[in-house]
Amino acid sequence: SQQGEEDPQALSIQEGENATMNCSYKTSINNLQWYRQNSGRGLVHLILIRSNEREKHSGRLRVTLDTSKKSSSLLITASRAADTASYFCASSGSARQLTFGSGTQLTVLP
Amino acid sequence: DAGVIQSPRHEVTEMGQEVTLRCKPISGHDYLFWYRQTMMRGLELLIYFNNNVPIDDSGMPEDRFSAKMPNASFSTLKIQPSEPRDSAVYFCASSLFPDGEAFFGQGTRLTVV
């Protein structure tokens, strides 16, 4: 099974609200990354957090990492309709290969 | 740089035909990855190259699939013969490190009828 699993599978919110997506993984990691995929497009890298980091920010994005719980969360603040997309976490373990989760489909309603 | 370039964007072929997907990575990236994305299985790593050398092809589903990287600026993924269950979106990605930020192409949507 895949290293990373996101929840929820789907999330629908109103514009201006915050969106939180979670990712769990199974083995020790070197880093964990989040990607966005718009419909019919390739994945776009959002943020990378290393195993020795606990929190990272980039614009309206905030990522946390809890290695004791083997989990990460992505928070998008003040969401916009343009944030509608699928969001994937990808973890890198001892093999230094990225393994992607199943994704969260976020819909931001105007 | 124009990013990772894949061709074709869409491919419709009949079962049993050979299919070749193409990828041009970002210049200077030493790592190139081929992924397959389906609703059922999500995003799967098929194979990756380091400096044009295949490093891990354990994700290639069967012998019908083959990949080559004859030089640093070009890679192909070939399916011969193709089957309906190969229908998926195939992505190529490149990066500076094996687990660094990956840059994805727009993908090739393959439909085998």
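Placed above this text is the structure.
Remember, it's a predicted structure, so these values are computed and weren't measured experimentally.

(A) Spotlight on the overall build of chain A. Helix and strand content of chain A: zero helices and eleven strands. The globule rule puts the C-alpha radius of gyration for 110 residues at 13 Å, and the 13 Å found for chain A is close to it. Along the three orthogonal principal directions, the C-alpha set of chain A runs to about 40 × 25 × 20 Å. A separation of at least 24 residues holds for 55% of the contacts in chain A among residues at least 6 apart in sequence. Surface accessibility of chain A: about 5,200 Å² in total, with carbon and sulfur atoms responsible for 46%. Charged side chains in chain A number 12 positive and 9 negative. The centres of these two groups are separated by 8 Å.

(B) Examining the packing of aromatic side chains more closely. Under the definition given, this model contains ten aromatic pairs over all chains. Here the aromatic rings of Tyr31 of chain B and Tyr48 of chain B are separated by 6.4 Å at their centres, their planes lie at 35°, and the arrangement is tilted. Within this pair, whereas Tyr31 of chain B is found in strand S4 (residues 31-38), its partner Tyr48 of chain B is found in strand S5 (residues 42-50), the two being separated by 17 residues in sequence. Each member of the pair, Tyr31 of chain B as well as Tyr48 of chain B, carries the same accessibility label: buried. Each member of the aromatic cluster is reached from another via a ring pair, and the members are Tyr35 and Phe100 of chain A together with Tyr31, Phe33, Tyr35, Tyr48, Phe91 and Phe104 of chain B.

(C) Quick peek at the state of the cysteines. Residue and element names in this part refer to chain B. Scanning the entire structure with this criterion turns up two disulfides over all chains. A sulfur-sulfur separation of 1.8 Å characterises the disulfide bridge that pairs Cys23 with Cys92. Note on the Cys23 and Cys92 pair: the S-S dihedral is about -65°, so by sign convention the disulfide is left-handed. Here Cys23 is found in strand S3 (residues 19-24), whereas its partner Cys92 is found in strand S9 (residues 88-95), with 69 residues between them in sequence.

(D) Spatial organisation of the interface of chain B and chain A. Facing 19 residues of chain B, the contacting portion of chain A comprises 18 residues. At the boundary of chain B and chain A, one finds one salt bridge. Of the charged contacts in the structure, one is a salt bridge between Arg96 of chain A and Asp99 of chain B, with a shortest N-O distance of 2.8 Å. Applying the counting rule to chain B against chain A returns nine residue pairs in polar contact (both at pLDDT 80 or more). It is S5 of chain B that contributes the most residues to the side of chain B that touches chain A, four residues altogether. Along the lines of polarity and charge, the residues of the side of chain B that touches chain A split into nine nonpolar, five polar and five charged.

(E) Geometry of the pairing of strand S8 (residues 71-76) of chain A. Residues and elements named next belong to chain A. Within S8, five of the six residues are buried, leaving the element largely enclosed by the surrounding structure. With six bridges joining them, strand S3 (residues 19-24) and S8 adopt antiparallel strand pairing. Of the residues in S8, the one forming a bridge with Asn22 is Ser73. Looking at chain direction, strand S7 (residues 61-66) and S8 are connected through six bridges and run antiparallel. Within S8, the residue paired with Thr64 across the bridge is Ser73. Connecting the antiparallel pair S7 and S8 is a turn made up of four residues, with Lys70 showing a positive phi of about 50°.

(F) Region of the structure containing the sheet that holds S3 of chain B. Residue and element names in this part refer to chain B. The strand order across the open sheet built from four strands is S1-S3-S8-S7, with neighbouring strands paired in antiparallel fashion. What marks the edges here is a single partner per strand, and that holds for strand S1 (5-7) and strand S7 (65-71). Neighbour-to-neighbour, the strand axes of the sheet open up by a mean angle of 15°, direction not taken into account.

(G) Region of the structure containing the nonpolar core. Core analysis: the biggest nonpolar cluster contains 22 residues, and Leu32, Trp34, Leu74, Ile76, Tyr87 and Leu106 of chain A have the highest contact counts within it. Going through the elements one at a time, strand S2 (10-14), S3, strand S4 (31-37), strand S5 (43-50), S7, S8, strand S9 (85-92) and strand S11 (104-109) of chain A are the ones with two or more residues in this core. Those residues in contact with Leu74 of chain A that sit more than four places away from it in its chain are Ala19, Thr20, Met21, Trp34, Leu46, Leu61, Arg62, Val63 and Tyr87 of chain A. Within the second largest apolar cluster, 21 residues are counted, among which are Trp34, Met60, Ala67 and Met69 of chain B.

Conventions used here
Counting restarts for each chain, with residues numbered from 1 along the sequence as it is written. In the order they appear in the text, chains get letters beginning with A and ligands get numbers beginning with 1. The predicted nature of this model means local features are confined to residues of pLDDT at least 70 and side-chain atom pairs, given and counted, to a pLDDT of 80 or more, with totals for whole chains, interfaces and linings taken over all residues. Processing note: side-chain calculations cover all non-hydrogen atoms of the structure and skip hydrogens and water entirely. Runs of H or I in DSSP of at least four residues are treated as helices and runs of E of at least two as strands, each being numbered from the N terminus. Restricting the calculation to C-alpha atoms gives the radius of gyration, and the globule rule supplies 2.2 Å times the number of residues raised to the power 0.38. The contact rule is simple, with two residues in contact once any of their heavy atoms fall within 4.5 Å. Only the protein chains shown count as cover for residues, with accessible areas throughout obtained via the Shrake-Rupley method and a probe of 1.4 Å. By the counting rule applied here, Lys and Arg register as positive and Asp and Glu as negative, while His and the ends of each chain are not counted. Where a charge lies is defined by one atom per residue type, namely NZ (Lys), CZ (Arg), CG (Asp) and CD (Glu). Put simply, two rings from Phe, Tyr or Trp (the six-membered ring, in Trp's case) pair if the centres are within 6.5 Å, and we call them stacked under 30 degrees between planes, edge-to-face over 60, tilted for the rest. Burial classes follow relative accessibility: with a 1.4 Å probe on protein chains only, a residue under 20% of its type's maximum area counts as buried, one over 50% as exposed, and anything between as partly exposed. Any two cysteine sulfur atoms lying within 2.5 Å of each other are counted as a disulfide. The term salt bridge refers to a pairing of a side-chain nitrogen on Lys or Arg with a carboxyl oxygen on Asp or Glu at a separation within 4 Å. As used in this structure description, the phrase polar contact means that two N or O atoms lie within 3.5 Å; if the pair is within protein, one of them must be able to donate a hydrogen and the other to accept it, and residues adjacent in sequence are counted only when both atoms belong to side chains. Residue polarity is assigned by list, with Asp, Glu, Lys and Arg as charged and Ala, Val, Leu, Ile, Met, Phe, Trp, Tyr, Cys and Pro as nonpolar; anything else, Gly included, falls into the polar class. Between any two strands, pairing holds if DSSP finds at least two bridges. What counts as an axis is a line fitted to C-alpha atoms, over the stretch in contact for a helix, and the angles between N-to-C directions run from 0 to 180 degrees. The nonpolar core is taken to be a set of buried Ala, Val, Leu, Ile, Met, Phe, Trp, Tyr and Cys residues, with the residues joined through side-chain atoms within 4.5 Å.

None of this, on its own, says anything about what the molecule does.
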